[in-house]
Amino acid sequence: MTRPIQAVVYDFGGVLFDWNPRHLYRKLFGTDEAGMERFLAEVATPGWNLAQDAGRPWREAVDLLVAAHPAQAELIRAFHLRWGETLASLIDGSLAVLTELKDAGTTLYGLTNWSQETFPVARARYPWLGWFDGIVVSGEEKLVKPDPRLFQVLIDRYHLDPARLVYIDDSPANVEAAAKLGMDAIHFTDAAKLRAELVRRELLPAEATR
């Protein structure tokens with residue numbers, strides 16, 4: 001007999017939050033889209049940003065990059081100083097699905113790759129993050145997904161059974177890592193498809209309640 005689901009675990013960026021440095025840098029580069037893309041591919045790269053998600057202090061990260069690319073210093077510093085502008089909005093429909101889960105009494109957890117220095121910006125801006133029974137932030141743990149050790153932090157800290165967790169993430173690598181640990185992992189592409197997956201698991205009714 002299948003055991004009941006214990007909790008739903010959410011990734012944040014790309015599932016609930018539309019986080020993208022382009023939201024900021026389009027303001028700084030104007031019509032020079034190609035220049036912006038070069039900057040994000042060659043200077044302020046995803047790997048550089050991920051190191052902050054893994055716990056590297058922002059001041060250290062900025063200083064290292066400015067030393068390597070002094071001509072781009074102002075643009076580099078903007079990534080940190082104007083970080084709030086990279087968090088533009090929410091993914092369409094995702095908060096409605098989360099609200100349904102919360103109203104249904106579902107236990108909710110968060111597991112996010114996020115700098116410990118910038119996550120408070122989201123906490124202050126979005127009070128509904130308080131709906132989560134617990135949130136594990138990679139920057140606080142000095143580990144990033146898809147490292148299974150970060151998933152294990154969540155499991156151990158909140159005494160969870162992986163086989164009774166539904167995990168939602170937009171990254172195929174993270175979904176695969178969760179599945180290897182025994183979680184029922186859903187690859188997020190949009191809110192409507194996520195809701196359908198949750199209906200199939202009998203976590204939500206077939207018709208939306210609001």
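Residues numbered from 1 in each chain as written. Predicted model: local features only at pLDDT ≥ 70, side-chain atom pairs only at ≥ 80, totals over all residues. Heavy atoms only, no water.

**Focus on the side chain of D169**
- By secondary structure assignment, the location of D169 is in strand β6 (residues 165–169).
- Here D169 falls in the buried class, since its relative accessible area comes to 1%.
- Here N174 takes part through its side chain, which lies 3.3 Å from a polar atom of the side chain of D169.
- When sequence neighbours within four positions are dropped, the list of residues in contact with D169 reads D11, V15, K145, N174, V175, I186, H187 and F188. (Helix = DSSP H or I, 4+ residues; strand = E, 2+ residues; numbered from the N terminus. Buried < 20%, exposed > 50% of the residue type's maximum accessible area, 1.4 Å probe, protein only. Polar contact = N/O pair within 3.5 Å; in protein donor to acceptor, adjacent residues only side chain to side chain. Contact = heavy atoms within 4.5 Å.)

**Structural notes on helix α1 (residues 22–29)**
- When α1 is considered as a whole, its buried residues turn out to be L24, Y25 and F29. Down the axis of α1, the smallest arc covering the buried residues is 120°, so these residues share one side.
- Buried-residue contacts for α1 involve α2 (33–42) and α5 (73–81). (Arc of directions from axis to C-beta.)

**Here we look at the nonpolar core**
- If you look at the biggest cluster of nonpolar residues, it comprises 49 residues, and the most contacted ones within it are Y10, F12, F17, Y25, L129 and F132.
- Not counting residues within four places of it along the chain, the set of residues in contact with Y10 comprises V15, L16, V97, L98, L101, L108, Y109, G110, L111, F132, I168 and L194.
- Among the nonpolar cores identified, the runner-up in size contains 17 residues, and L111, V136, L154 and A178 belong to it. (Core = buried A, V, L, I, M, F, W, Y, C linked by side-chain atoms within 4.5 Å.)

**What about the environment of Y109?**
- Mapping Y109 onto the fold places it in strand β4 (residues 108–112).
- Once the C-alpha coordinates of Y109 and P172 are considered, the two residues, 63 residues apart in sequence, prove to be 19 Å apart.
- With near-sequence residues (within four places) excluded, Y109 lies in contact with A7, V8, V9, Y10, F132, D133, G134, L154, Y158 and L160.

**Section: the pattern of salt bridges**
- Throughout the structure, instances matching the rule amount to 13 salt bridges.
- In this structure, the salt-bridge partner of R26 is E33, at a minimum N-O distance of 3.1 Å.
- Of the charged contacts in the structure, one is a salt bridge between K27 and E85, with a shortest N-O distance of 2.8 Å. Of this pair, K27 sits in helix α1 while E85 sits in the loop between α5 and β3 (87–90), and the two are 58 residues apart along the sequence.
- When its relative accessible area of 52% is taken as the criterion, K27 is described as exposed. (Salt bridge = Lys/Arg side-chain N within 4 Å of Asp/Glu carboxyl O.)

**A closer look at the side chain of R201**
- One can find R201 in the segment after α11 (191–200).
- For R201, a relative accessible area of 17% puts it in the buried group.
- Here the side chain of R201 touches E197 through a polar contact of 2.6 Å, side chain to side chain.
- Those residues within four positions of R201 in sequence are excluded, and the remaining contacts are I5, V166, D184 and I186.

**What about unusual backbone geometry?**
- Following K145, the chain continues into P146 via a peptide bond in cis, with omega recorded as 15°.
- In this structure, P146 sits in the loop between α8 (138–141) and α9 (148–157).
- Even without glycine at this site, K142 takes up a positive phi of about 60°.
- Following the sequence through the fold, K142 ends up in the loop between α8 and α9.
- A positive phi angle, close to 55°, is found at H159, a residue other than glycine.

**What about the packing of aromatic side chains?**
- Summed over the entire model, instances satisfying the criterion amount to 20 aromatic pairs.
- Consider the rings of W83 and W114, whose centres lie 5.9 Å apart with planes at 55°: the pair is tilted. Of the two residues, W83 is situated in the loop between α5 and β3 and W114 in the loop between β4 and α7 (119–125); the sequence distance between them amounts to 31 residues. The burial state of W83 is the same as that of W114; both residues are buried.
- Between W114 and F119 the ring centres are 5.0 Å apart and the planes differ by 75°, which places this aromatic pair in the edge-to-face class.
- The buried category is assigned to W114, whose relative accessible area is 4%.
- A relative accessible area of 2% places F119 in the buried class.
- Ring pairs connect the aromatic residues Y10, F12, F17, W83, W114, F119, Y126, W128, W131 and F132, which therefore count as one cluster. (Phe/Tyr/Trp six-rings, centres within 6.5 Å; stacked < 30°, edge-to-face > 60°.)

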